[in-house]
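Letter by letter, the chains look like this.
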Amino acid sequence: MHELRIDSIEPMAQAVLGDDQLAGLVRSLPIAATIVRRDTSGTIRVVASNAVFEMLYGILSSQCEIPGFIVEEELLDRMMQQLEQGGVQLSERWSRPDPVDPREIDVSLARLGAVEDKSYYLASFIDRTTEMQNQRNLHREMLSDSLTGIYNRTGFEEAILDVLSDDAVHEMSDKTAKGANYAVIAIDLSRFSQVNEYAGAIVGDELILTVASRLKNMLRNRDILARTGGDEFGIFVHLGENSDDIDTICARLQSVFESPYSLSGLEVKMEAAIGVGLGTVGEDDPSDTIRQAQFALKQAKRSNNVELYRKEVLDISRHRFSLETDLRRALQNDALSLAYQPLIDLSTGDVIGFEALARWNDPDRGIIAPTDFIPVAEDCGLIVPLGRWALSTAARTLSRWDKVAGRTLGTRVGVNLSAVQFTRDDVASAVDDAIRNAAIVGNRLTLELTESAILSDPDRAAQAMESLKALDTCLAMDDFGTGYSNLAYLQRLPIDILKIDRSFVTEMLSDRDRVSIVRAVLSLANALGMETTAEGVETLELSNTLAALGCSHGQGYYYAKPLTADEALDFYLQRTKTGKA
């Protein structure tokens, strides 16, 4: 390969180009510029140049073994040939791939004419090296995590695309047996928020750095590690001829969290959720594989196991997202309703109240079970407006019942408060608004809380429950026995009713252990001065047994299925007359 050399600097003579001012113009240009000529033999030589060119030439030639090197002769030769075929000026970017001093130079060439079989051209050079290096450094910073120095989410995706476009990987793809030949692994630190909250952000940063270091040490040379979120990491790995290799890789990653982390004098035991997406070079979009790993990670957080992406996970996610959209619209259009299931006094048979149950009959989907739409509402934040709607509707129903009956009825309605709503909303304010707008007294409402709503933050729960009691409402603990209640908190909290979960009630006649559990709950409630309600009463025998054991109230299909508001009022008035359930 030839290079353009400055073998001699010929003076710009008026006899050659006919205008001495042209040489002066070259010397006055603020950028590196020179006039070059090509004679009949094809040799390219510098005729005249300015000081900026000579300085650039000095910089470049001093870093090269070949004196006089500035750009490849083939570049100027090719540009000259193009100009000879037509055109006035050409510009190209020239790169010098020198590992010590790489250069990026914009080269422009303009044809001046020919004299005595010699073609003359004005060549200019702009050194873009620093500019390009700054751009590359900025780009690198944009792709890197500022704390750990490894890739961030954007850099992770770009790095994967670069790797998968490599010829060596395509060769690997040809040799790999059927199935996936790469995997994306998503890792979430389960207790990172607690470490940040209790030990501070500095210790949290130290934890992230330590985890990143341990993960690096576990990976192979070709694997890619990234920090994709505050407490999330992503890993790209090549798989061998058997995609079952992923089991070995995940086991190795889990070992990273087996020993405690020493952080500023603290020893912290960490756990992590791991989700995996598998891909095949040339068939799968890496971006899809990354999303699949994220879907699998969500499942792993619930199951506490390493989860491999399954297509149904995406289908479920799409379904939930679609359900969220329709639920939002249903709330806006007041398209939901409440059903009311009677609560029976087991000692007298009287109807003492109802439990309000949310119902959704979508015109396109049909009847949607609360077990389907309540979790969606909790995930997307709709549980707060949904909960407030239920409180308001139940209170207004009680008020309407009183007007229809022509008197204040001695019945109450229980409304479920989601653990998420209890945490996010000012429930006391919501209840106060509901009873004031309906013009009823607080003891007409029973607020049903789950154990998880209380145990997630017992002190805050106690404070909120005291505020609810100040409104004269009744408080019930729903599904009692299915969680891990702390009896000390149970004694301290202003709970009026324990609701025994149906899982203990429905099978108690055929399972001695369940009878023992029900008997223990009843004894505990009695000792604490609380009433009890048994859910899932399906038969007369169950009803009589619960009454004999001393249970206060029963609820279930034996008495009635959930009723509309009008049906519930008729049921109450009829049973109040007869005194029977």
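Bear in mind that the values here come from a model prediction, so they are computed numbers and not experimental data.

Engineer: Hey, could you run me through the overall build of the chain in this one?
Structural biologist: Within the chain one finds 23 helices and 21 strands. Taken over 581 residues, the chain has a buried fraction of 45%. Once local pairs closer than 6 in sequence are excluded, the contacts in the chain between residues at least 24 apart make up 63%. Entry remark: accessible area of the chain is about 29300 Å², with carbon and sulfur atoms responsible for 48%.

Engineer: Explain the pairing of strand β16 (residues 412–417) to me, please; I cannot follow it from the model alone.
Structural biologist: Put simply, side chains in a regular strand alternate between the two faces of the sheet. Burial runs high along β16: five of the six residues are buried. When strand β14 (residues 351–362) meets β16, the two strands line up parallel, connected through four bridges. In the sheet register, F354 faces β16, and the bridge partner there is V413. Two strands pair when backbone bridges link them, and β16 and strand β17 (residues 445–450) are joined in this way by five bridges, in the parallel orientation. Looking at the pairing, V413 lines up with L445 of β17.

Engineer: I keep staring at the sheet that holds strand β8 (residues 232–238) and nothing clicks. Help me out?
Structural biologist: Sheet strands pair by backbone hydrogen bonding; their relative direction is either parallel or antiparallel. Taken in spatial order, the five strands make up an open sheet running β7-β8-β6-β11-β12, and their pairing is mixed. Each end of this open sheet is capped by a strand with a single partner; those strands are β7 (224–227) and β12 (307–308). Note that strand β6 (residues 182–189) and strand β11 (residues 272–279) share eight bridges and pair antiparallel. Counterpart to I187 in the pairing with β11 is I274. Running over the sheet, helix α9 (residues 201–218) touches β6, β7 and β8 and is turned about 10° from β8.

Engineer: Just to check I follow, could you spell out the pairing of β14 for this structure?
Structural biologist: For β14, a buried count of ten out of twelve residues is recorded, marking the element as mostly surrounded by other parts of the structure. In this structure, strand β13 (residues 336–345) lies alongside β14, joined through nine bridges in antiparallel fashion. Across the sheet, residue I344 finds its bridge partner in β14, namely V351. With antiparallel pairing between neighbouring strands as the criterion, β13 and β14 make up a hairpin whose turn holds five residues, including G349 at a positive phi of roughly 85°. With three bridges connecting them, β14 and strand β15 (residues 366–368) associate as antiparallel partners. Of the residues in β15, the one forming a bridge with D362 is G366.

Engineer: Please clarify how the pattern of salt bridges should be interpreted in this entry.
Structural biologist: In a structure, side chains of opposite charge can pair up when their charged atoms sit close to one another. In the structure shown here, the tally under the stated rule is 27 salt bridges. With a closest N to O distance of 3.0 Å, R329 and D326 form a salt bridge. One end of the pair, R329, and the other, D326, are both in helix α12 (residues 311–332), three residues apart, so they sit about a helical turn from each other. On the basis of relative accessibility, which here comes to 42%, the residue R329 falls in the partly exposed class. The shortest N-O distance in the salt bridge between D326 and R365 comes to 2.7 Å. Placement of the pair is D326 in helix α12 and R365 in the loop between β14 and β15, with a sequence separation of 39 residues. Of the residues examined, R365 reaches a relative accessible area of 30% and is grouped as partly exposed. Each of R93, E104, D106, R128 and E131 takes part in one network of salt bridges that share partners.

Definitions and limits used
- Residues numbered from 1 in each chain as written.
- Predicted model: local features only at pLDDT ≥ 70, side-chain atom pairs only at ≥ 80, totals over all residues.
- Heavy atoms only, no water.
- Helix = DSSP H or I, 4+ residues; strand = E, 2+ residues; numbered from the N terminus.
- Buried < 20%, exposed > 50% of the residue type's maximum accessible area, 1.4 Å probe, protein only.
- Contact = heavy atoms within 4.5 Å.
- Areas by Shrake-Rupley, 256 points an atom, 1.4 Å probe, with all protein chains shown as cover.
- Pairing = 2+ DSSP bridges.
- Axes fitted to C-alpha atoms, helices over the stretch in contact; angles between N-to-C directions.
- Salt bridge = Lys/Arg side-chain N within 4 Å of Asp/Glu carboxyl O.

These figures capture arrangement, not role.
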